[in-house]
Every structure is written in structure tokens, then in C-alpha cells.
Number of protein chains: 2
Amino acid sequence: MYIHEKSLRTIIDALRKKGYKATPQRIAICKYVLQDTTHPSAKIVYQRVRKEYPTISLATVYQTLKVLKELNLIQELPFSKRETRFDPNVNPHINMVCLKCGKIVDINFPEADSLLKQISESTRFRITGQRIDIYGFCEVCGQFSISIAKNKEKML
Amino acid sequence: MYIHEKSLRTIIDALRKKGYKATPQRIAICKYVLQDTTHPSAKIVYQRVRKEYPTISLATVYQTLKVLKELNLIQELPFSKRETRFDPNVNPHINMVCLKCGKIVDINFPEADSLLKQISESTRFRITGQRIDIYGFCEVCGQFSISIAKNKEKML
DNA sequence: AAACTATTTAAGAATTATTATTACCTAATA
DNA sequence: TATTAGGTAATAATAATTCTTAAATAGTTT
Ligand SMILES: [Mn+2]
Ligand SMILES: [Mn+2]
Ligand SMILES: [Zn+2]
Ligand SMILES: [Zn+2]
């Protein structure tokens, strides 16, 4: 159940509840990013939202993404290749990350909840979030990577 | 079983096998980073190795860390706060990451192997690595964070 | 042991994702 | 509609990482 399944009203209320103004820019960015499950980068979010708001700035995108993270509506996923990607799925799940084409797809991991509960009990660690990535080569990149791919063209 | 349990000879051989020269700088960096389980940043590695090699440069540290990653002897762990940390434990395990003090400790996750095997079979994804992080507040930071910590002073 | 040569190093410059600054602008409210 | 606290857009600043290059050297060959 992502926020993007909820109404515009819900987004506005979530912002206001934390004292943030519901500006058109923020609403546009929220609507976009909460609905894109491809784990877009800030630049991609910027390019997409720009179509609707041509005057928007990249700094506003970054600042809104930070707000969304603070509201726990998205998760930040930094990668080696210096490009952070953003994920509207904040529930425990696995990101399958292709090192060749950069595609990231979610897969379910129902056992995560009990695992986390167990860990929080056995350690004295107060858990607030998690990240589970699996790296490798997706189906379409897998074949090529055997013969062609070297470390040079890895995307992440 | 980390490499640091092995001999100097083993490190040198690992480098040479891939066509890398075993320079004193590289050996010093390898010896240090393969034995530090606190997940140090590049800067920390630099500061530590500097004590033995005062003329070493940060660029050399970065380049050697890249080599070690290529040899699959360490893992790179980028975080939100723009400071990548390095982990000599490349086997599937869980990183418990404290958002207040930045401490990262490994905990075992024996079920990971079968989970990964199962996923690689059910998807057509060729797995080459993984990363499992749990974020929150460690035992010593946990209490304070209730009253003091805001998002401002988060380390990662 | 000296010479050879492809790599590597160190220093500094360059790159680039992200953050800070600031002068207008606007959403929310009365 | 006026007030105002806070937001936006443009730009500059920051800083982690990478690139460039001349000098040094590891590994090899004579
Ligand atoms: Mn995801
Ligand atoms: Mn670890
Ligand atoms: Zn792919
Ligand atoms: Zn802590």
C-alpha cells in the first residue's frame, strides 16, 4: 500500500501535518515520485516533473525528496556510481539491482518482518529502517555480460 | 574467513594473479583495510595508512580500494551522507547501522545463503553480491535519541 | 647487477552530485 | 486583499571521487 494509491488530499494533509506548505511544486514532485516504482534518480524526477513545471529547479526536487524521506514516504538508496535512487516502497523488500543496465525491481520478502522483529529483540538496537539489495545481472543483461561486460560499463 | 587471516604472501599473490603490481603502498592499504571490521571510510583508511606511509596520497587509497573491490576482497557501502564505507566481509551478512554515531557492526545471517539460492533460481537474475542493512540507533545512542536526536545530527 | 618498460604513485586539477545562500515569491490565514 | 512565514529558483559553494601527468619503481630481462 503506497501513498500513491491515496488521494491528492492525502498528500497535502501529510505535508501540512508536519508543517510543510503544500505548494504546487511539492505536490507535483510527490505525485510523481510516489508513483514511479523504477527507483528514479533525482535527475530523472527533475526531468519528468519539468514537463509539467518547466520552471522547477533541481534544488527544489532535492529539497522535496528530503521532505518525503523525512515523512518516511520514500527511501534513499545511494549507489557506488554516485547516483542516489529513490524508492516509494518503504516496507521491507528486496531490490534486485542490475549492475549492467541499472534496472532495479522490487521483490517481496515476507519473512523480513519476523526477521527484523527477532533481531530487534535479540539486540538492543532500535530499528527504524532497512535496505536489502541483491546485485547482479538481470535476465536481458545476463547473457551479454558473459562475453561482453567488463567492469568498465557497470552502471551502479 | 577473511583474507586478513591469511598471510602477506596471499595478498601479494592475489594482486599479482590479476596482473597488479604488489607495491608497498598497496600492501599497506590491503593489510589495513582487510583487518578493520569497523567499516572505515576512505578518509579513515588514508589517515591510518599515513602513519606508516606518510607520503601516501588519498587518490592511491581510492585506487587501491577499487582494486580490492574488483578482486572481491571488500565491499563498497555508499550512504546518504556522502561517505562511502568499506567492508572486508563480503559474505552475506547484516550490517547494523547506527544513524546517530555512525557505528556499523556485522551480525550473522545464516539463512541468507539459502535465500539467495532460492531467489537466483526463481528469478533469472545472476547474483554477484548483496547488501543487507538495518538502520536505527545502537544501544548507547538509543536512549538519547528519544529526547535529543532530531534528523539534523544523523550521521548516515 | 644493471637496464628495461609498463604500471603506479603523488600532487594537484577536474568533475559532479548534493547542499547552502539569497532575493523574490506565494500559500495559508484572517 | 494584506500579512507573513516559509518556499522557490538561480546561483554559488561544498566535498567526495576521479582524472591527469611527470617522476618513481616493481617485475622482468639481459
Ligand atoms: Mn525497492
Ligand atoms: Mn559488514
Ligand atoms: Zn540489466
Ligand atoms: Zn550509535
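It should be emphasised that the depicted structure is a prediction, and the values quoted were computed from it without experimental measurement.

Participant: Could you clarify how one ought to interpret the protein's contact with DNA strand D in this entry?
Facilitator: Among the 19 residues in the neighbourhood of DNA strand D, the closest are listed as T23 of chain A together with R16, Y62, R82 and T84 of chain B. Backbone atoms, meaning sugar plus phosphate, form 79% of the atoms of DNA strand D positioned within 4 Å of the protein. Note that a phosphate oxygen of DNA strand D is positioned 2.6 Å from one of the side-chain N or O atoms of R16 of chain B. One of the backbone N or O atoms of A22 of chain B is found 3.1 Å from a phosphate oxygen in DNA strand D. Elements represented by at least two residues in the surface near DNA strand D include exactly α2 (24-33) and α4 (58-70) of chain A together with α4 (58-70) of chain B. Classifying every residue of the surface near DNA strand D gives six nonpolar, seven polar and six charged.

Participant: In this structure, what is going on with the packing of α2 of chain A against α4 of chain A? I would like to understand it.
Facilitator: Geometrically, a packed helix pair is captured by the angle between its two axes and the distance between the axes. Residue and element names in this part refer to chain A. At a minimum axis distance of 10 Å, the contact between α2 and α4 shows a crossing angle of 65°. Judged by the inter-axis angle, α2 sits roughly perpendicular to α4. In terms of crossing hand, the pair formed by α2 and α4 is right-handed. The segment α2 lies against α4, with Q25, R26, I29, C30 and V33 engaging T60, V61, Q63, T64, L65, V67 and L68. Considered class by class, the residues forming the contact of α2 with α4 number seven nonpolar, four polar and one charged.

Participant: What exactly am I supposed to notice about the interface of chain B and chain A here?
Facilitator: The parts lose accessible area when they come together, and the size of an interface is often stated as this lost area. Contact residues are listed per partner, giving 38 residues for chain B and 38 residues for chain A. Between chain B and chain A lies a buried interface of about 3,000 Å² when both sides are counted; carbon and sulfur atoms form 63% of it. Our enumeration of links across chain B and chain A arrives at two salt bridges. Salt-bridge contacts for R124 of chain B lead to E139 of chain A; the nearest nitrogen and oxygen are separated by 3.3 Å. Mapped by element, the contributors of at least two residues to the side of chain B that touches chain A are α4, β1 (75-77), β3 (94-98), α5 (112-122), β5 (126-137) and α6 (139-147) of chain B. Counting residues per element, the side of chain B that touches chain A draws most heavily on β5 of chain B, which supplies twelve residues. Among the residues forming the side of chain B that touches chain A, the class breakdown is 20 nonpolar, ten polar and eight charged.

Participant: What exactly am I supposed to notice about the protein's contact with DNA strand C here?
Facilitator: With respect to spatial proximity, 20 residues lie near DNA strand C, and among them R16, Y62, R82 and T84 of chain A together with T23 of chain B are the closest. Of what DNA strand C places within 4 Å of the protein, 72% of the atoms are sugar or phosphate. One of the side-chain nitrogen or oxygen atoms of K21 of chain A is found 3.4 Å away from a base nitrogen of DNA strand C. The set of elements that each furnish at least two residues to the surface near DNA strand C consists of α4 of chain A together with α2 (24-33) and α4 of chain B. Sort the elements by how many residues they give to the surface near DNA strand C and α4 of chain B lands first, with three residues. When the residues that make up the surface near DNA strand C are grouped by side-chain class, the tally is seven nonpolar, seven polar and six charged.

Participant: Would you mind showing me how to read the pattern of salt bridges here?
Facilitator: Where charged atoms of side chains with opposite charge meet at close range, the side chains can pair. All names here are of chain A. Scanning the entire structure with this criterion turns up eight salt bridges over all chains. Of the charged contacts in the structure, one is a salt bridge between D13 and R9, with a shortest N-O distance of 3.6 Å. Of this pair, D13 and R9 are both found in helix α1 (residues 8-17), four residues apart, which corresponds to roughly one turn of the helix. Its relative accessible area of 37% is what places D13 among the partly exposed residues. When its relative accessible area of 45% is taken as the criterion, R9 is described as partly exposed. Note that R131 and D133 form a salt bridge whose closest N and O atoms lie 2.7 Å from each other. A relative accessible area of 2% places R131 in the buried class.

Conventions used here
Residues numbered from 1 in each chain as written. Chains lettered and ligands numbered in written order. Predicted model: local features only at pLDDT ≥ 70, side-chain atom pairs only at ≥ 80, totals over all residues. Heavy atoms only, no water. Near = heavy atom within 4 Å. Polar contact = N/O pair within 3.5 Å; in protein donor to acceptor, adjacent residues only side chain to side chain. Helix = DSSP H or I, 4+ residues; strand = E, 2+ residues; numbered from the N terminus. Nonpolar A, V, L, I, M, F, W, Y, C, P; charged D, E, K, R; others polar. Axes fitted to C-alpha atoms, helices over the stretch in contact; angles between N-to-C directions. Parallel < 35°, antiparallel > 145°, perpendicular 65-115°, else oblique. Left-handed = near helix turned anticlockwise from the far one by under 90°. Contact = heavy atoms within 4.5 Å. Buried area = accessible area lost by both parts, 1.4 Å probe. Salt bridge = Lys/Arg side-chain N within 4 Å of Asp/Glu carboxyl O. Buried < 20%, exposed > 50% of the residue type's maximum accessible area, 1.4 Å probe, protein only.

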